[in-house]
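Overview (structure and organization)
Here's the letter readout for the chains.
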Amino acid sequence: MATKRGKRAPSPKTAEIVRLVEALSTGVGSHDGVVLGRGIAGLLREAYRAKPGKAPAWVRELIAYYGRKRAP
């Protein structure tokens, strides 16, 4: 599904993980949330690299989301 700006909306699973990371990092600073999110994305990337085939779309979305430069 595309948004008004033409970008595709994240999958429900990706959105839920991002919300969870934000909830876990509330009160400790947004930089810590970004570090946590990047860590999760990195672990998923490595786990799916070890498997044959492509990573699911929600994993690729999460990696892209946390791979962007995010303001601390």
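This text goes with the structure placed above it.
Okay, the pattern of salt bridges next. For side chains bearing opposite charge, pairing can occur when the charged atoms are close. Counting across every chain of the model gives two salt bridges. Glu 16 is paired through a salt bridge with Arg 19; the nearest N and O atoms lie 2.8 Å apart. Of this pair, Glu 16 and Arg 19 are both found in helix α1 (residues 12-24), three residues apart, which corresponds to roughly one turn of the helix. By relative accessible area, which is 48% here, Arg 19 ends up partly exposed. One salt bridge in this structure joins Arg 49 and Glu 46, with 3.0 Å as the shortest N-O distance. Linking Arg 49 with Glu 46, this pair stays in helix α2 (residues 30-49), spanning three residues, or about one helical turn.

Here α2 crosses helix α3 (residues 57-67) at 140°, and the two axes come no closer than 9 Å. Considered as vectors, α2 and α3 are oriented oblique to each other. Crossing geometry of α2 relative to α3 is assigned as left-handed. Each of Gly 33, Val 34, Gly 37, Arg 38, Ile 40, Ala 41, Leu 44, Arg 45 and Tyr 48 in α2 lies in contact with α3, whose residues at this interface are Trp 58, Val 59, Leu 62, Ile 63 and Tyr 66.

On the secondary structure map, Arg 38 appears in helix α2. At 2.9 Å, the side chain of Arg 38 and the backbone oxygen of Tyr 66 are in polar contact.

Among the surface-exposed residues, Leu 20, Leu 24 and Leu 36 lie close enough to one another that they form a single nonpolar patch of about 280 Å² accessible area. Along the polypeptide, Leu 24 turns up in helix α1.

Before going further, it helps to examine the nonpolar core. Nonpolar side chains tend toward joint burial in soluble globular proteins. Counting residues in each nonpolar core, the largest one holds eleven residues, listed as Ile 17, Val 18, Val 21, Ala 41, Leu 44, Ala 55, Trp 58, Val 59, Leu 62, Tyr 65 and Tyr 66. Mapped onto this core, the elements with two or more residues apiece are α1, α2 and α3. Looking at which element gives the most residues to this core, the answer is α3, with five residues.

Cut-offs and rules
- Residues numbered from 1 in each chain as written.
- Predicted model: local features only at pLDDT ≥ 70, side-chain atom pairs only at ≥ 80, totals over all residues.
- Heavy atoms only, no water.
- Salt bridge = Lys/Arg side-chain N within 4 Å of Asp/Glu carboxyl O.
- Helix = DSSP H or I, 4+ residues; strand = E, 2+ residues; numbered from the N terminus.
- Buried < 20%, exposed > 50% of the residue type's maximum accessible area, 1.4 Å probe, protein only.
- Axes fitted to C-alpha atoms, helices over the stretch in contact; angles between N-to-C directions.
- Parallel < 35°, antiparallel > 145°, perpendicular 65-115°, else oblique.
- Left-handed = near helix turned anticlockwise from the far one by under 90°.
- Contact = heavy atoms within 4.5 Å.
- Polar contact = N/O pair within 3.5 Å; in protein donor to acceptor, adjacent residues only side chain to side chain.
- Patch = residues over 30% accessible without salt bridge, like charges linked within 9 Å, V, L, I, M, F, W, Y side chains within 5 Å.
- Areas by Shrake-Rupley, 256 points an atom, 1.4 Å probe, with all protein chains shown as cover.
- Core = buried A, V, L, I, M, F, W, Y, C linked by side-chain atoms within 4.5 Å.

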